[in-house]
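# Report on the structure
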Amino acid sequence: MPIRVVRTVSALRRAVMRWRAAGERIALVPTMGALHAGHLALVRAARRRARRVVVSVFVNPAQFAPHEDFASYPRSWDTDLAALSAMGVDLVWAPAVAAMYPPGFATRIVPQGPATAGLEDKFRPQFFSGVATVVGKLLIQCAPDLAMFGDKDYQQLLVVTRLAEDLDLPVKIVAVATVREPDGLALSSRNSYLSASERAAAPTLYRVLEDCAGKIARGALPARALDEAAAAIERAGFVLDYLEARHADTLAPLSSRADGPIRLLVAARIGKTRLIDNIAV
Ligand code: PAF
């Protein structure tokens, strides 16, 4: 049987209500399509925890600035659908932009806290309000018991976790480990933008993060280890947006391991591609 695709909120609600009435647990995997093994790991994690799995596929214009890659963001509907079908996903929620943001739409969620930590938000000022608005809508539309988000977008994960708590949404946000290429590069739909030489340099980002985390874990001062790491990233041909050690739960800046659990977060550009990654110390 072909996988079920729904395009209206009312059809989505009818399906979800039927499952709920049968006492079935529902997990949502929000995506923007262009699915790779990282997304499929989210689906697998959802499968393990819930009887029903909904995957949303929606390239959300609200989280792109006018100069960003909304128009050219990779779209691969047929292969996405085949992959989701092969994984036994119960339903694909694929609204048109006009169904998600109908004429007259005038409400935006503007998150604070981790969304204003001075990391992604500093370089993409409207990103988290776009993400929070669409994720808030997806969670209300699907009313899932669980929603799966990748560790790779670590600041986004904290923003969404805070959002669900602050708005009393009865959903558990589940973090799923980053999936990497054998050479360490974190999977991302935007990796398809990399030229061959950029792709060859790209794994440096994670190699340097690992090295830096190891030094800090062995007692090096974060500031010093980060300086060395920044230089290594730039030597590999990247332009650094940020490389920071932050409190893993709050993203507050910290200067030593005694200040709390550390997460290193990086964003850097190589050619036209912007890559982000992070690691626990
Ligand atoms: O991480 C993503 O793919 C997107 O930001 C999300 C969570 C699907 C919201 O559009």
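Anything mentioned here points back to the structure above.
From a predicted model like this one, the values you see are computed outputs, not experimental measurements.

### A few points about the overall build of the chain
Check the secondary structure of the chain and you find ten helices and nine strands. Relative to its length of 281 residues, the chain is compact, with a C-alpha radius of gyration of 19 Å against a globular reference of 19 Å. A separation of at least 24 residues holds for 72% of the contacts in the chain among residues at least 6 apart in sequence. Carbon and sulfur atoms make up 56% of the accessible area of the chain, which amounts to about 12900 Å² in all.

### Observations regarding the sheet that holds strand S8 (residues 262-270)
Strand order in this open sheet of three strands is S7-S8-S9, and the pairing throughout is antiparallel. Looking at which strands have only one partner, the edges of the open sheet turn out to be strand S7 (239-247) and strand S9 (273-280). Averaged over all neighbouring strand pairs, the angle between strand axes comes to 10°, with direction disregarded. When S7 meets S8, the two strands line up antiparallel, connected through eight bridges. The residue bridging Ala245 from the neighbouring strand is Leu264, located in S8. Across the face of the sheet, helix H9 (residues 204-217) comes into contact with S7, S8 and S9 while running at roughly 25° to S9. Relative to S7, helix H10 (residues 222-235) is tilted by about 155°, and along the sheet it contacts S7 and S8.

### Some points on the site of the ligand
Neighbouring residues of the ligand: Pro30, Thr31, Met32, Asn60, Gln63, Val131, Val134, Phe149 and Gln156. Between the ligand and Gln63 there is a distance of 2.7 Å, counted from an oxygen atom to a side-chain nitrogen or oxygen. Here an oxygen atom of the ligand sits 2.8 Å away from a polar atom, N or O, in the side chain of Gln156. The protein chains hide 88% of the 290 Å² of surface that the ligand would expose on its own. Looking at the shell around the ligand, the elements with two or more residues in it are strand S2 (26-31) and helix H6 (127-142).

### Regarding the nonpolar core
Across soluble globular proteins, nonpolar side chains show a tendency to be buried alongside one another. Judged by nonpolar contacts, the single largest core of 45 residues is most densely connected at Leu12, Val54, Leu91, Trp93, Val135, Leu139 and Ile173. Only helix H1 (9-21), S2, strand S4 (91-93), H6, strand S5 (146-150), helix H7 (154-166) and S8 provide two or more residues apiece to this core. Of all the elements, H6 adds the most residues to this core, at nine residues. In contact with Leu139, other than residues within four places in its own chain, are Leu28, Pro144, Ala147, Leu169, Val171 and Ile173. In this structure, Ala229, Ala245, Leu264 and Ala268 belong to the second largest nonpolar core, which totals 29 residues.

### Comments concerning unusual backbone geometry
If a residue is not glycine, its phi is most likely negative; likewise, a peptide bond is most likely trans. At Ala143, a residue that is not glycine, the phi angle is positive and equals roughly 45°. Following the sequence through the fold, Ala143 ends up in the loop between H6 and S5. Judged by relative accessible area, which is 36%, Ala143 ranks as partly exposed. Backbone geometry places Asp168, a non-glycine residue, at a positive phi of 55°. Relative to the assigned elements, Asp168 resides in the loop between H7 and strand S6 (172-176). For Asp168, a relative accessible area of 68% translates into the label exposed.

### Quick word on the side chain of Thr133
For Thr133, the location among the structural elements is in helix H6. Separated by 2.9 Å, the side chain of Thr133 and the backbone nitrogen of Ile109 make a polar contact. Only 2.6 Å separates the side chain of Thr133 from the backbone oxygen of Ser129, close enough to count as a polar contact. Those residues in contact with Thr133 that sit more than four places away from it in its chain are Tyr101, Phe105, Thr107, Arg108 and Ile109.

Criteria and cut-off values
Residues numbered from 1 in each chain as written. Predicted model: local features only at pLDDT ≥ 70, side-chain atom pairs only at ≥ 80, totals over all residues. Heavy atoms only, no water. Helix = DSSP H or I, 4+ residues; strand = E, 2+ residues; numbered from the N terminus. Rg over C-alpha atoms; globule rule 2.2 N^0.38 Å. Contact = heavy atoms within 4.5 Å. Areas by Shrake-Rupley, 256 points an atom, 1.4 Å probe, with all protein chains shown as cover. Pairing = 2+ DSSP bridges. Axes fitted to C-alpha atoms, helices over the stretch in contact; angles between N-to-C directions. Near = heavy atom within 4 Å. Polar contact = N/O pair within 3.5 Å; in protein donor to acceptor, adjacent residues only side chain to side chain. Core = buried A, V, L, I, M, F, W, Y, C linked by side-chain atoms within 4.5 Å. Buried < 20%, exposed > 50% of the residue type's maximum accessible area, 1.4 Å probe, protein only.

Don't take any of this as a statement about function, it's just geometry.
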